[in-house]
Amino acid sequence: MRCSINVDHIARIEGHGNIHLAIEDGAVATCEMNVVEPARLFESMVRGRTFSEIPYIASRICGICSASHVVTDLLAIERVFGIEVSDRTHALRELLIYGSYLQNHATHLFVFAAPDFTGHASVFPLATEAPELFNQALALKALGNELCTKVGGRSVHPITAVVGGFTNEISRNEYLALAEKMEAMLPFAEQTVDLFNSFPVPDIETAGDMLAMVQEGYYPVCTSCDARFVGTGETFDADDHEAHVEEYAVPHSGALFARSRLSRKPYMTASLARINASWGQLGQRARLAAAKAGLRPPERNPFRNNVAQAVELVDALDRCAGIARRLAEGDSCFAGSSEPVPFTVRAGRATGFTEAPRGVLFHDLELDEEGRVKHASILTPTAQNVANLEGDMRVLAEKMVAEGAAEADIRLRVEELVRAYDPCLSCSVH
């Protein structure tokens, strides 16, 4: 048996990519994930720019993860300058990043992933067949937009988050109104976990490890500098990421691939990696939803990333509602000001580190004495995920070939796997 499975321009993902599979004599001979995006040169265009410009430029890398790119740059700059921001500023940054989680996860689950399991080519038939579900999904996405707008000044490319703090905060009543909206959306998020858990998926294990931010006693998205490979337990500070993560070129991709320097294995970084690393730190409602769905560490099926994203919707709504209420009521932890703290510009190099919706994000910046960029390197989640995705495609294809699956079925399932990773191929060609 010889056949080739070629998918040009995979549908319902961010950016452009192709799949090439060659099956010969009952074995997978070739398995390639081709990223065909051109280089975007963000690292080059920030060189020579002042530190205050960099977050706004970097935010243009992605319309969904723009908040994550802003906060990641701010964290890098603040490490260089030795700035300690207030707990209130930390809380606002969490709200901003979680707003992008609500935007991204709702879009991915209902617009990109759901058609795979409902037998449709797009999300549009869902509006007719299940209008209530469709409208609630749109409302959840809109709530993420609102949260980003209230905290960041607009729904994409935030403008209020600056070095050392925020230039503006909303009123007490606006915080309380946001909290009420998020609490009201929680039942739908819990139903979303049940819905995506009900969809049948192939039983496979990911080819590599998983990487996520970790923090004792907390489910972190921007409050820790430590990253951990879940399988090996290897933990490192973001400033040392180049000693632990290796990028390398392959001839069939415009994006660099990534792997662990220690294990030489690729890895996955996504909602599934975060839940494997910090399951015990999920909020009570999210942990209950995850347990009900059977999502407990070690969960190594990459298709279950869809369920993990749904669990994070529950956690984000619950956690952000609590943060908003504490900000409104002047909780002692957040009693300080979020106004930018004074600082002195100095030369140095540091790495900012956050959990973007799609996974771990590193921004490595070197500044001169005037605060201008001498060097910049950006390592996005999808750039780290592509190698492991390609490995998982091979695992899936080999399993299906051994089971005697038809070519059309293999093609469909491999496309579903790509979408389960929620890739942003445009962001991978940093």
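Refer to the structure presented above.
So, here is what we can say about the structure in this document.

About the thresholds
Residues numbered from 1 in each chain as written. Predicted model: local features only at pLDDT ≥ 70, side-chain atom pairs only at ≥ 80, totals over all residues. Heavy atoms only, no water. Core = buried A, V, L, I, M, F, W, Y, C linked by side-chain atoms within 4.5 Å. Buried < 20%, exposed > 50% of the residue type's maximum accessible area, 1.4 Å probe, protein only. Contact = heavy atoms within 4.5 Å. Pairing = 2+ DSSP bridges. Helix = DSSP H or I, 4+ residues; strand = E, 2+ residues; numbered from the N terminus. Axes fitted to C-alpha atoms, helices over the stretch in contact; angles between N-to-C directions. Parallel < 35°, antiparallel > 145°, perpendicular 65-115°, else oblique. Left-handed = near helix turned anticlockwise from the far one by under 90°. Expected span 1.5 Å × (residues − 1). Polar contact = N/O pair within 3.5 Å; in protein donor to acceptor, adjacent residues only side chain to side chain. Nonpolar A, V, L, I, M, F, W, Y, C, P; charged D, E, K, R; others polar.

All right, on to the nonpolar core then. If you look at the biggest cluster of nonpolar residues, it comprises 132 residues, and the most contacted ones within it are I19, L21, M33, L95, M182, L317 and M393. The contacts of L21, once residues within four sequence positions are left out, are C3, S4, I5, N6, V28, T30, C31, A397, I410 and V414.

Reading across the sheet, the four strands line up as β8-β7-β6-β11 and stay open at both edges, with mixed pairing between neighbours. Strands with a single pairing partner mark the edges of an open sheet, and in this sheet they are β8 (235-237) and β11 (267-268). Both strand β6 (residues 209-213) and strand β7 (residues 226-229) contribute to a ladder of three bridges, which runs antiparallel. Residue pairing for β7: L211 is matched across the bridge by F229. The strands touched by helix α8 (residues 271-278) within the sheet are β6 and β11, with β6 carrying the most contacts at an inclination of about 75 degrees.

Glancing now at the pairing of strand β3 (residues 27-35). Bridge analysis of strand β2 (residues 17-24) against β3 gives eight bridges, and the strand direction is antiparallel. Bridged to I19 within β3 is M33.

Within the fold, N104 resides in helix α4 (residues 87-118). Those residues within four positions of N104 in sequence are excluded, and the remaining contacts are I64, Q309, P357, R358 and D422.

Packing of α4 against helix α10 (residues 305-329) brings their axes to within 9 Å, and their N-to-C directions diverge by 150 degrees. Between α4 and α10, the angle is such that the two are roughly antiparallel. At the point where α4 passes α10, the crossing takes the left-handed sense.

Residues separated by three or four positions in an α-helix point in the same direction, a consequence of the helix having 3.6 residues per turn. With 22 residues, helix α6 (residues 131-152) extends 31 Å from end C-alpha to end C-alpha; this agrees with the ideal 32 Å at 1.5 Å per step. Within α6, burial applies to F134, A137, L140, L143, G144, L147, C148, V151 and G152.

This brings us to α10. The terminal C-alpha atoms of α10, which comprises 25 residues, lie 36 Å apart, in line with the 36 Å expected from a rise of 1.5 Å per residue. Of all 25 residues making up α10, 20 are buried, and the element is well covered by its neighbours. Of the residues flanking the end of α10, it is G330, one or two places downstream, whose phi is positive at about 70 degrees.

Take the sheet that holds strand β1 (residues 2-7) next. A sheet is described by the order of its strands in space; here three strands give the open sequence β1-β2-β3, paired in antiparallel fashion. Because the sheet does not close on itself, it has two edges, and the strands there are β1 and β3. Taken pair by pair, the neighbouring strands of this sheet meet at an average axis angle of 5 degrees, ignoring direction.

Within the secondary structure, W279 sits in the loop between α8 and α9 (284-292). In the structure, W279 is positioned 12 residues away from A291 in sequence and 9.8 Å away in space, judged by C-alpha atoms. Those residues in contact with W279 that sit more than four places away from it in its chain are R274, R287, A290, A291, L295, R296 and P297. Of note is the side chain of W279, whose polar atom sits 2.8 Å from the backbone oxygen of L295.

On to the packing of α8 against α10. For the pair α8 and α10, the least separation of the axes is 8 Å and the interaxial angle reads 70 degrees. For the element pair α8 / α10, the angle class is roughly perpendicular. Classified by chirality, the crossing of α10 by α8 is left-handed. Counted together, S271, L272, R274 and I275 of α8 and N305, A308, Q309, V311 and E312 of α10 form the full contact between these two elements. Residues that form the contact of α8 with α10 fall into these classes: four nonpolar, three polar and two charged.

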